[in-house]
Amino acid sequence: MTLNDNTMKSNEDLTVQLAALEKIALQLEPSASQRQAIAQQAFDYIDEFITALPDAPGYKEKSCDALKALTIDDHGKPFDELLHILRDEVDQSGINSAAGTHMGYIPAGGLWTSAVGDMLAAAANRYVGIFYSSPGAVRIENQMIQWLCTITGYPATAHGNLSSGGSMASLIAIQTAREAHQIDSTNVRQAVVYFTAQAHHCLHKALHITGLHEAQQRIIPMNARYQMDTRALADALRQDKDNGLMPFLVIGTAGTTDTGAIDPLDAIADLCEQYNAWFHVDAAYGGFFTLLGDIAVKFKGIERSDSLVMDPHKGMFLPYGTGVVLVKDAHTLLRTYSHQASYMQDAYGFDEISPSDCSLELSRHFRGLRMWLPLHLHGVNAFKANLEEKLLLCRYFHEAVKELGFETGPDPDLSITLFRYPSKDSNAFNQQLLKALHADGRCFFSSTQINGQVWIRCAVLSFRTHLKEIQLALRMVEENLERIKEEVS
Ligand SMILES: Cc1ncc(COP(=O)(O)O)c(C=O)c1O
């Protein structure tokens, strides 16, 4: 008899076959001692990784070709062999997003306590799509959403969803706006969407996916600080209304990716009220700075928006994988995403809102634990201190880089600044400098282009970035600048 021979039907024969299969199947359930050994090795690996972070490069170019040789076999491999591959081919290549020397894009670091939350969530494997399946986990996620409503000035009647990131959260918000204003094939070409050239590209994706690329789109000019010019917005809204179009959606940003600029949210909210347009705020990067009383005034008006997005995997320093959308009118959110099916009938009739009624996802892991655990373990003050420190570090860098002879972008609203060295061909020079900085790798910066000008960005948001890392970054910039200047001359 072979394992695959299904012609023998007697239970006696099946028992023998099942016993053989079970023996192999049980390989997926390590024994207590095997679990301990694996956990120990994993924690040792993590400890070694975190201990080395203060001296680890922010960026390392590596092709990771050795991974191609790793075959997927019928039989398992030893854990330490796999950990070696992880260390050599994954965790030491490209941008070191756990390191405090990561100052490109939007860094965050990735809290270790959040990683522990992920481990706990995955091991218990709660099904957090619906309340009745995991009432405790859903209550925790809903509490996280309510806490975010509190810090952004949304009412307790608002609701939202913990998503995989800002892009998914934006998609949820844009589709909800579409539903609220009943945009369909009959009126989409009269609907108008307003945003600046600094709106994050995930919003363009969201507009496309929701069919709103067929709507009229107005790119509103900005002032010298890259904030939406609300006079230009007012003109555009008035003109569109006069022309029989339907102002539908205004997208403001509270912390743009390029420069960290915060649009004048209160003035935008006034105009949205006047024209009955949905006001969406992308606060994926900037949102958590609302925790700081001192700069809360810059965010005035965020509480008047209809929907907003924040990324705990940015401003709360969580590992990648958590964004949040908040929608002021929870009924519209539910109308957009709540659907029923006969095989789901046991899940209905509970008072608590289920995550699957607020997003596209049904089966869902316990995403909220990675946020809830660090928030409770460390307390809010630890987050506030980190955020305030990052604002000050960015200002420090901004001033110091000027002293090195660099031109900078506007004084930072938050924790991002731009710098470029003035030269005969500034774009080519700064691209060469960026290349040198990447090859150096001690710290990592990214770059952008605004109005055709190449800028290097310094984004300070990793909870592991402190004064020491900023000073190292400045030294690295200065050394590479001198070298390139010599090469060019
Ligand atoms: C302002 C802003 N909005 C949206 C996003 C997209 O978020 P995510 O990368 O989490 O999808 C980003 C990402 O950096 C961002 O900076």
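Everything quoted here is computed from the prediction, not taken from an experiment.

This part is about the layout of surface pockets. Counted as a void, the largest pocket has a volume near 900 Å³. Considering each element in turn, the lining of the largest pocket owes the most residues, nine residues, to helix 2 (residues 32-52). Partitioning the lining of the largest pocket into residue classes produces 23 nonpolar, six polar and three charged.

Moving on, we get to the sheet that holds strand 5 (residues 216-219). Backbone-to-backbone hydrogen bonds join strands into a sheet, with any given pair of strands oriented parallel or antiparallel. Pairing is mixed in the open sheet, where seven strands are placed in the order 3-9-8-7-6-4-5. Each end of this open sheet is capped by a strand with a single partner; those strands are strand 3 (159-163) and strand 5. Mean inter-strand twist for the sheet, computed between neighbouring axes without regard to direction, equals 15°. By the bridge criterion, four bridges tie strand 8 (residues 307-310) to strand 9 (residues 323-327) in an arrangement that is antiparallel. Bridge pairing links Val309 to Val325 in strand 9. Along the sheet face, helix 5 (residues 135-152) touches strand 3, strand 8 and strand 9 and points at about 115° away from the line of strand 3. Strand contacts of helix 9 (residues 265-275): strand 6 (246-253) and strand 7 (278-283), with the helix running at about 155° to strand 7, the strand carrying the most contacts.

The element strand 7 is extensively covered by neighbouring structure, given that six of its six residues are classed as buried. Across five bridges, strand 6 lies against strand 7 in parallel orientation. Counterpart to Gly252 in the pairing with strand 7 is Val281. Pairing analysis gives four bridges linking strand 7 to strand 8, with the strands arranged parallel. When the bridges of strand 8 are listed, His280 appears paired with Ser307.

This part takes up the pattern of salt bridges. Should the charged atoms of two oppositely charged side chains come close, the side chains can pair. Using the criterion set out here, one finds 28 salt bridges in the structure. Here Arg304 ties to Asp266 by a salt bridge, and the two come within 3.0 Å at their closest N and O atoms. Note that Arg304 is positioned in the loop between strand 7 and strand 8 and Asp266 in helix 9, a separation of 38 residues in sequence. Owing to a relative accessible area of 23%, Arg304 belongs among the partly exposed residues under this scheme. Judged by its relative accessible area of 22%, Asp266 falls in the partly exposed class. When the shortest N-O distance is used, the salt bridge between Glu479 and Arg442 registers 2.8 Å. Taken as a pair, Glu479 in helix 15 (residues 467-488) and Arg442 in the loop between helix 14 (426-440) and strand 12 (446-450) lie far apart in primary sequence, 37 residues in all. Note on Arg442: relative accessible area 27%, which makes it partly exposed.

A few words now on the site of the ligand. Neighbouring residues of the ligand: 13 residues in total, closest Gly166, Ser167, Thr257, Asp282 and His313. Thr257 places a polar side-chain atom, nitrogen or oxygen, 2.8 Å from an oxygen atom of the ligand. At 2.7 Å, a side-chain N or O of Asp282 approaches a nitrogen atom of the ligand. Here the ligand, which alone exposes 390 Å², has 84% of that area covered by the protein. Going through the elements one at a time, helix 6 (166-180) and helix 10 (312-315) are the ones with two or more residues in the shell around the ligand. The class makeup of the residues in the shell around the ligand is three nonpolar, seven polar and three charged.

Looking at the protein chain, the domain boundaries give domain 1 (116-378) and domain 2 (380-488). Between domain 1 and domain 2, the contact holds 31 residues from the first and 22 residues from the second. Roughly 2400 Å² is buried in total at the junction of domain 1 and domain 2, and carbon and sulfur atoms are behind 68% of that figure. At the junction of domain 1 and domain 2, the tally comes to two salt bridges. Across the pair Asp413 and Arg225 runs a salt bridge whose closest N-O atoms are separated by 3.2 Å. Elements represented by at least two residues in the side of domain 1 that touches domain 2 include exactly helix 10 and helix 12 (369-378). It is helix 12 that provides the largest number of residues to the side of domain 1 that touches domain 2, a total of three residues.

It is worth spelling out the packing of aromatic side chains at this point. Applying the stated criterion across every chain yields a total of 14 aromatic pairs. Seen in terms of ring centroids, Tyr285 and Phe289 are 6.0 Å apart; in terms of plane orientation they differ by 70°. Their pairing is edge-to-face. With respect to burial, Tyr285 and Phe289 carry one shared label: buried. Through pairs of rings, three or more aromatic residues link up here, namely Phe397, Phe406, Phe419, Tyr421, Phe429 and Phe445. Here Lys328 stacks its cationic end above the ring of Tyr154, 5.0 Å away from the centre of that ring. The ring centre of Trp455 lies 5.3 Å from the NZ or CZ of Arg420, which sits over that ring.

UniProt tags Lys314 as "modified residue: N6-(pyridoxal phosphate)lysine" (unreviewed entry). Along the chain, Lys314 turns up in helix 10. For Lys314, the contacting residues outside a window of four places in its chain are Ile106, Ala108, Ala284, Tyr285 and Leu461. A distance of 2.4 Å separates polar atoms of two side chains, one belonging to Lys314 and the other to Asp311.

About the thresholds
- Residues numbered from 1 in each chain as written.
- Predicted model: local features only at pLDDT ≥ 70, side-chain atom pairs only at ≥ 80, totals over all residues.
- Heavy atoms only, no water.
- 1 Å grid on protein atoms, 1.4 Å probe; cavity = no way out; pocket = protein on both sides within 12 Å on 5 of 7 lines; lining within 4 Å.
- Points joined across faces, edges and corners; volume = space filled by probe spheres on them.
- Helix = DSSP H or I, 4+ residues; strand = E, 2+ residues; numbered from the N terminus.
- Nonpolar A, V, L, I, M, F, W, Y, C, P; charged D, E, K, R; others polar.
- Pairing = 2+ DSSP bridges.
- Axes fitted to C-alpha atoms, helices over the stretch in contact; angles between N-to-C directions.
- Contact = heavy atoms within 4.5 Å.
- Buried < 20%, exposed > 50% of the residue type's maximum accessible area, 1.4 Å probe, protein only.
- Salt bridge = Lys/Arg side-chain N within 4 Å of Asp/Glu carboxyl O.
- Near = heavy atom within 4 Å.
- Polar contact = N/O pair within 3.5 Å; in protein donor to acceptor, adjacent residues only side chain to side chain.
- Areas by Shrake-Rupley, 256 points an atom, 1.4 Å probe, with all protein chains shown as cover.
- Domains from an automatic or database assignment.
- Buried area = accessible area lost by both parts, 1.4 Å probe.
- Phe/Tyr/Trp six-rings, centres within 6.5 Å; stacked < 30°, edge-to-face > 60°.
- Lys NZ or Arg CZ within 6 Å of the ring centre and 35° of its normal.
- UniProt positions renumbered as here; feature names shortened; annotations may be inferred.

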